[in-house]
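Reading the structure
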Amino acid sequence: MSKEFEIVREFEVDVPPEKVWEAITTGTGGYLWPMDPPEPRVGGSGPFGSSVTAWDPPHRYTNRSEDVGFPIQSLNQLDYTIEPRDEGRRAWVRYVHSGIFTDDWNNQYDGASKHTNFYLHTLCEYLTHFAPRPVTFAQLQGPAASQTPRALAAVARALGLADDTAAGTKVSAQGPGGRTLDAVLDYRNPYFIGLRTDSALIRFFGRGHWGAPLGISVHDFAPDADAEANETAWQDWLNGVFSRS
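Note that the structure is predicted; figures quoted are calculated from it, not measured. (Residues numbered from 1 in each chain as written. Predicted model: local features only at pLDDT ≥ 70, side-chain atom pairs only at ≥ 80, totals over all residues. Heavy atoms only, no water.)

1. Focus: helix H3 (residues 151–159)
The buried fraction of H3 amounts to seven of the nine residues, a majority that puts the element mostly inside the structure. Along H3, the residues classified as buried are Ala151, Leu152, Ala154, Val155, Ala156, Ala158 and Leu159. On the buried face of H3, the contacting elements are strand E7 (169–174), strand E8 (180–188), strand E9 (192–196), strand E10 (200–205) and helix H4 (227–244). One or two positions beyond H3, positive phi appears at Gly160, with a value near 90°. (Buried < 20%, exposed > 50% of the residue type's maximum accessible area, 1.4 Å probe, protein only. Helix = DSSP H or I, 4+ residues; strand = E, 2+ residues; numbered from the N terminus. Contact = heavy atoms within 4.5 Å.)

2. With respect to the domain arrangement of the protein
Where the parts come together, the accessible area they lose is often given as the size of the interface. With domains assigned, the protein is organised as domain 1 (3–130) and domain 2 (136–244). Using C-alpha coordinates to define each centre, domain 1 is positioned 24 Å away from domain 2. With both sides pooled, the region where domain 1 packs onto domain 2 buries about 1,700 Å², and carbon together with sulfur makes up 68% of that total. Among the residues of domain 1 in contact with domain 2, His115, Phe118 and Phe130 are the three that bury the most area, contributing 39% of the side total. Between the two partners, domain 1 and domain 2, sit one salt bridge. (Domains from an automatic or database assignment. Buried area = accessible area lost by both parts, 1.4 Å probe. Salt bridge = Lys/Arg side-chain N within 4 Å of Asp/Glu carboxyl O.)

3. Here we look at the sheet that holds E7
Here we have six strands laid out as an open sheet, ordered E6-E11-E10-E9-E8-E7, and antiparallel in their pairing. Two strands bound the open sheet, and with one partner strand each, they are strand E6 (136–141) and E7. Adjacent strand axes in the sheet meet at a mean angle of 25° when their direction is disregarded. Across six bridges, the pairing between E7 and E8 is antiparallel. Along E8, the bridge assignment pairs Val171 with Ala183. Here helix H2 (residues 105–129) sits on the sheet in contact with E8, E9 and E10, set at roughly 175° to E10. Seen against the sheet, H3 touches E7, E8, E9 and E10 and runs at an angle of roughly 30° to E9. (Pairing = 2+ DSSP bridges. Axes fitted to C-alpha atoms, helices over the stretch in contact; angles between N-to-C directions.)

4. Re unusual backbone geometry
Of the consecutive residues Pro57 and Pro58, the connecting peptide bond is found in the cis state with omega at -10°. The omega torsion of the bond from Ala131 to Pro132 falls at 0°, within 30 degrees of zero and hence cis. Within the secondary structure, Pro132 is located in the loop between H2 and E6. Phi angles above zero are rare outside glycine, and Asp86 is one such case at about 50°.

And the structure:
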C-alpha cells in the first residue's frame, strides 16, 4: 500500500557552508557514492533522472524524482538547507528526505531512516577529515550467507573488534590480506560499522536487518588508490568471513 514518508535531520559541522555545498553537489563520492552533478539551475537535471527544484548556492538545493526506477518507491525528494554559523566558519544543515514507498512501508522506512543517520555521519567525517581531496570509490556486497541480522557481528569479529569497543576508539583492525588497519572506529551500532584511517573511510552496512546482503563501501583518498584492487581485496575478505561463519 502506497504511503508518504519524511525523514528530517539537522546537524552542525565545523566547515563553511560552501564546503558542505560542494560535498552535496559535486563531492558525493566522498561519503555516499559518485553521482553526476546536478545541472546548476531550477529545472535542470539531477542525479538518477531527478529534476532540480531549488538551486540557491550555497544555501538551498532540492532534487525530485517521480520515476525512481524500482517498484518499492514511486516518488523521491532530497532537500538540503544550509546556513552559516559563527560568521561562516561553521554550517548548520537541515536535510529532508521524503517521497512515497509503495511496498513494505515499515521495513523500507526503518531502513531509510537508519541509513540516513549513517550517511550523514559519514558526510561529516568526510567534510572534517578529507574534503575536498579526490576520492576513489569501491563498493561490494557479501554472499547470501550475509543476508542475516547476525552478519554485522561476524564482520566485527573478523575485524578484531571486541563487543564493547565503542565508537571513537582507536583500533587495529584486521583487513584484507592480513593487513592491520590503524583506524578510528568512528561509528558503531547494531546496523553499521564505520572505520576511518588516515586515507580512507570504510563503511560496513548490516543490511541483513532489512533482508539484503551485507555491504561495504570504501572511500579511498590516497593518491595511488585503486578501486578495482580495493573491491577485489575486500570482496575476498568478506567471502572469507562468511565461508567460516
